[in-house]
Amino acid sequence: MHYVLIVLLMIFISSCKTQNDSVYHLYFLGGQSNMDGYGYNDDLPDELKKEFEDVYIFHGNSMPDDTIVDGRGVWELLGPGHGAGFISDGISSHYSDRFGCEISFAATIKDLRPDEKIAILKYSRGGTSIDEEAAGSAGSWDPGYKNGDGINQYDHFLAAVHNALSCKDINNDGKEDKLIPSGIVWMQGESDADFTEEIAMRYYSNLSGLMVLIRKSLGPDSIPVVIGRISDSGNDPSGKVWEHMDIVRKAQHQFAEEDANAAIVTTTDSYDYSDKWHYDSEGFIDLGEQFAIKLDSLMN
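Our subject in this report is the structure included herewith. (Residues numbered from 1 in each chain as written. Predicted model: local features only at pLDDT ≥ 70, side-chain atom pairs only at ≥ 80, totals over all residues. Heavy atoms only, no water.)

### Observations concerning the nonpolar core
Consideration 1: Counting 77 residues, the largest nonpolar core has F28, F105, W186 and F291 as the members making the most contacts within it.
Consideration 2: Not counting residues up to four positions away in its chain, the partners in contact with F28 are L121, Y123, W141, F157, G183, I184, V185, W186, I214 and L218. (Core = buried A, V, L, I, M, F, W, Y, C linked by side-chain atoms within 4.5 Å. Buried < 20%, exposed > 50% of the residue type's maximum accessible area, 1.4 Å probe, protein only. Contact = heavy atoms within 4.5 Å.)

### Here we look at the pairing of strand β1 (residues 22-31)
Consideration 1: Counting buried positions over the 10 residues of β1 gives nine, a clear majority of the element.
Consideration 2: Note: β1 against strand β9 (residues 177-187), 10 bridges, orientation parallel. Counted as the bridge partner of G30 is W186 from β9.
Consideration 3: As defined by bridge partners, β1 adjoins strand β8 (residues 117-124) across eight bridges and the pair is classed as parallel. Within the sheet, the bridge partner assigned to F28 lies in β8 and is L121. (Helix = DSSP H or I, 4+ residues; strand = E, 2+ residues; numbered from the N terminus. Pairing = 2+ DSSP bridges.)

### Concerning unusual backbone geometry
Consideration 1: Positive phi, normally seen in glycine, also occurs at D66, with a value near 60 degrees.
Consideration 2: Residue classification places D66 among the partly exposed positions, given a relative accessible area of 44%.
Consideration 3: The phi dihedral of N172 falls on the positive side, at around 60 degrees, and the residue is not glycine.
Consideration 4: Locating N172 in the fold gives a position in the loop between α4 (153-166) and β9.
Consideration 5: Owing to a relative accessible area of 68%, N172 belongs among the exposed residues under this scheme.

### Examining the sheet that holds β8
Consideration 1: Taken in spatial order, the seven strands make up an open sheet running β4-β3-β8-β1-β9-β10-β11, and their pairing is mixed. Looking at strand neighbours, the two that pair on one side only are β4 (75-77) and β11 (262-265), the edges of this open sheet. Across this sheet, the average inter-strand angle for adjacent strands is 25 degrees, counted without regard to direction.
Consideration 2: Lying over the sheet, helix α3 (residues 102-112) contacts β1, β3 (55-59), β8 and β9, oriented at roughly 155 degrees with respect to β8.
Consideration 3: Packing against the sheet, helix α7 (residues 245-258) makes contact with β10 (225-228) and β11, and its axis sits at approximately 145 degrees to β11. (Axes fitted to C-alpha atoms, helices over the stretch in contact; angles between N-to-C directions.)

This is the structure we're talking about:
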């Protein structure tokens, strides 16, 4: 089922008309809870606590595995409230009091590429692994979930892509817009580091395989990818929250080194935490900035 959806999405993208009102560079933001975002809107500086001109976001509704395929959302101007707790019914959005890296990411991309309009597609779910065996109650992104017979995060992601790209007028001005797939930002891996050594050892192959398919779902195989290196608050009796973190981090670096169109953000080691698992507001602001800088360097 996954591969049929990818083919249909590629046909849809290639068949879009070229006459349009506006051209937007499309960025996908995905992963688990540190992509969801646990920064507090009230902590945002004034220059980030606003709606962004010419920056639109489609935030796909997050659902557990083995539920009806979702991915509902609506294109709207980017502003605070797209962090943990955000919900969409495909018609309107219920904003949370949190933000993720999308805010500072967009602001930094606009600074680096002032002549470009930005479209962000976000789909993430807290606690999710890539490996099916590490899914727990949160879910997994494994494209081969239940031998292709189950519904998981990968299916919800594909639905979000389909729903986002099915809208040909994202700024709602009555004219068709063109979306150019320009980058993938991935913040995930903690859950794969929290189960067994065997699962952590599979992270490189799981990550590489998933990025191949996410690239295909958006368009060109060469879309640049920036991943965030997982880190640890140390707020655990054992001194380490993610038991097999070092294995996953090594896999993340291997991916960034071996993929010519990939890079890794490592400033996460310097962030403070708001709880055992999540960065504080300043961390999420820096994370978005670093993602944008790395992505801009790959695009250049």
